Structure formats: structure tokens, C-alpha cells
Amino acid sequence: MGRLFIILGILFIIIGLIWSFIGKLPGDITFKRGNFTVYFPIMTSIVVSIILSLLFFIFGRFR
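Quick caveat, the model's predicted, so the values are computed rather than measured.

Trainee: Can you tell me about the overall build of the protein, naming the residues and giving the values?
Mentor: Counting its secondary structure elements, the protein contains 2 helices and 2 strands. If you list the helices and strands of the protein from N to C, you get α-β-β-α. On C-alpha atoms alone, the protein measures out to a radius of gyration of 16 Å, which is more than a quarter above the 11 Å that the 2.2 N^0.38 rule sets for 63 residues. Along the three orthogonal principal directions, the C-alpha set of the protein runs to about 50 × 30 × 15 Å. When the 63 residues of the protein are sorted by exposure, 5% land in the buried category. Per element, the accessible surface of the protein, about 5900 Å² overall, is 75% carbon and sulfur.

What follows is the structure, given as C-alpha cells:
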């Protein structure tokens, strides 16, 4: 159980570092009104979806 938490922690750190690089792509929509901000990561979601689809496709081929 302890190993699982260590692996999940490392995985979340890696995802956080990657997300900081691709988190503000052109195509993401941001609305700012006073002290209120709404952020729609449309392009980031598309890029993450393509990457995950490719990874699942590759892992599925070797299974």
C-alpha cells in the first residue's frame, strides 16, 4: 500500500510539471471581470486527449 502512494505521488508531481508547460496554450479562453476569472482550457483539453489516445492505442497494441 505504501508503494502505491509513493508511485501515485510521483505520478502527480510529473503530471503537475507537464501541466505547467501546456496549461496556457493559444486557444484557451479566459474571461476576467473584476475579481472573477473563468478559464476554459479548450486547446489544452484537445492536446491532452490526443496524447492519451495515442498512449492507450500504443499500449493496446502490445497487450
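From this point, the narrative continues.
Trainee: A description of the side chain of Thr44 should follow, citing residues and the corresponding values.
Mentor: Structurally, the position occupied by Thr44 is in helix 2 (residues 42-61). In terms of polar contacts, Thr44 uses its side chain to reach the side chain of Asp28, at 2.7 Å.

Trainee: Run through the side chain of Asp28, naming residues and quoting values.
Mentor: Relative to the helices and strands, Asp28 is located in the loop between helix 1 (2-22) and strand 1 (29-33). On the basis of relative accessible area, Asp28 is assigned to the buried category, the value being 15%. In this structure the side chain of Asp28 is engaged in a polar contact, spanning 3.1 Å, whose partner is the backbone nitrogen of Leu25.

Trainee: Explain the layout of surface pockets to me, and be specific about the residues and the numbers.
Mentor: Put simply, the largest pocket is a space of about 240 Å³. Taken together, Leu11, Ile14, Ile15, Ile18, Trp19, Ile22, Val48, Ile51 and Leu52 form the lining of the largest pocket. For the lining of the largest pocket, the leading source of residues is helix 1, giving 6 residues. By residue class, the composition of the lining of the largest pocket is 9 nonpolar, no polar and no charged.

Trainee: Got a sec to walk through the pairing of strand 1? Specific residues and values, please.
Mentor: Pairing analysis gives 5 bridges linking strand 1 to strand 2 (residues 36-40), with the strands arranged antiparallel. Following the sheet pairing, Lys32 is matched in strand 2 by Thr37. Between the end of strand 1 and the start of strand 2, which pair antiparallel, lie 2 residues, with Gly34 showing a positive phi angle near 65°.

Parameters at a glance
Residues numbered from 1 in each chain as written. Predicted model: local features only at pLDDT ≥ 70, side-chain atom pairs only at ≥ 80, totals over all residues. Heavy atoms only, no water. Helix = DSSP H or I, 4+ residues; strand = E, 2+ residues; numbered from the N terminus. Rg over C-alpha atoms; globule rule 2.2 N^0.38 Å. Buried < 20%, exposed > 50% of the residue type's maximum accessible area, 1.4 Å probe, protein only. Areas by Shrake-Rupley, 256 points an atom, 1.4 Å probe, with all protein chains shown as cover. Polar contact = N/O pair within 3.5 Å; in protein donor to acceptor, adjacent residues only side chain to side chain. 1 Å grid on protein atoms, 1.4 Å probe; cavity = no way out; pocket = protein on both sides within 12 Å on 5 of 7 lines; lining within 4 Å. Points joined across faces, edges and corners; volume = space filled by probe spheres on them. Nonpolar A, V, L, I, M, F, W, Y, C, P; charged D, E, K, R; others polar. Pairing = 2+ DSSP bridges.

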